[in-house]
Amino acid sequence: MASFGTPGKLSGLILRMGQCSFAAASIGVMVSAPGFFNSSAFCYLIASMGLQVLWSFGLACLDFHALRSKRNLQNPVLVSLFVVGDWVTAILSLAAACSSAGVTVLYSRDLGYCRSPQIPCSQFQASILLAFVSWFLLAISSHVTFWLLAAV
């Protein structure tokens, strides 16, 4: 089975690099926003995206090694590890992005904090958007590895 995003294939490497890049960009934008540490949801987003960067980068390196050495990564033990890691990371990333989005909506619509120039709501929103894009790419990988596990 050689579907899009399969571990050890070029499409899998591209997905992992996209996940890693968008998660790192989300961290960078959030950390550059002054006052992000006042909300635990934003700190959780940074921690979750940090975990996603590490996980995705590690698997991207494994995909790169498999492509260079022409190795097959589709054995049941490895695929099981990919499935568990992808699903745990995806759930944590989605929870962090949703909670951060909730805080941003609270700041902008309910409390009116975004009218103040001291609260960089546009940076918070950009960071959360990048986190959702990273999660979407991880969701694709999660589904592919889940179905791959059933086929192996």
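Whatever comes next refers back to the structure up there.
The notes below deal with the structure included here.

Counting across every chain of the model gives one salt bridge. Its salt-bridge partner being aspartate 86, residue arginine 16 comes within 2.8 Å of it at the nearest N-O pair. Highlighted residues: arginine 16 in helix H1 (residues 10-32) and aspartate 86 in helix H3 (residues 76-110), separated in sequence by 70 residues. For arginine 16, a relative accessible area of 4% translates into the label buried.

This next bit is on the state of the cysteines. Inspection of the entire model under this criterion finds one disulfide. A sulfur-sulfur separation of 1.8 Å characterises the disulfide bridge that pairs cysteine 114 with cysteine 121. The disulfide joining cysteine 114 to cysteine 121 has a torsion of about -85° about its S-S bond and is therefore left-handed. For cysteine 20, which is in no disulfide, the shortest distance to another cysteine sulfur is to cysteine 61 and amounts to 8.5 Å. The structure places no disulfide on cysteine 43, whose sulfur is separated from the nearest cysteine sulfur, that of cysteine 121, by 16 Å.

This brings us to helix H2 (residues 40-69). Its 30 residues place the ends of H2 43 Å apart at the C-alpha level, agreeing with the 44 Å of an ideal helix rising 1.5 Å per residue. Lysine 70 occupies a position one or two residues after H2 and carries a positive phi of about 55°.

Before going further, it helps to examine unusual backbone geometry. Here the phi dihedral of lysine 70 falls at roughly 55°; this positive angle occurs in a residue that is not glycine. Along the chain, lysine 70 turns up in the loop between H2 and H3.

What follows deals with the packing of aromatic side chains. What the rule picks out here adds up to seven aromatic pairs. Pairing tyrosine 107 with tyrosine 113 gives two aromatic rings, centres 5.3 Å apart and planes at 50°, and the pair type is tilted. Residue classification places tyrosine 107 among the buried residues on the basis of a relative accessible area of 13%. On the accessibility criterion, tyrosine 113 (39% relative accessible area) is partly exposed. Grouped by ring-pair contacts, the aromatic residues Phe42, Tyr107, Tyr113 and Phe124 constitute a single cluster.

Two numbers describe how H2 lies on H3: the axes approach to 9 Å, and their chain directions differ by 150°. As the angle between them shows, H2 and H3 are arranged roughly antiparallel. The element H2 and its partner H3 pack so that their crossing is left-handed. Classifying every residue of the contact of H2 with H3 by side-chain character gives 17 nonpolar, eight polar and one charged.

Definitions and limits used
- Residues numbered from 1 in each chain as written.
- Predicted model: local features only at pLDDT ≥ 70, side-chain atom pairs only at ≥ 80, totals over all residues.
- Heavy atoms only, no water.
- Salt bridge = Lys/Arg side-chain N within 4 Å of Asp/Glu carboxyl O.
- Helix = DSSP H or I, 4+ residues; strand = E, 2+ residues; numbered from the N terminus.
- Buried < 20%, exposed > 50% of the residue type's maximum accessible area, 1.4 Å probe, protein only.
- Disulfide = S-S within 2.5 Å.
- Expected span 1.5 Å × (residues − 1).
- Phe/Tyr/Trp six-rings, centres within 6.5 Å; stacked < 30°, edge-to-face > 60°.
- Axes fitted to C-alpha atoms, helices over the stretch in contact; angles between N-to-C directions.
- Parallel < 35°, antiparallel > 145°, perpendicular 65-115°, else oblique.
- Left-handed = near helix turned anticlockwise from the far one by under 90°.
- Nonpolar A, V, L, I, M, F, W, Y, C, P; charged D, E, K, R; others polar.

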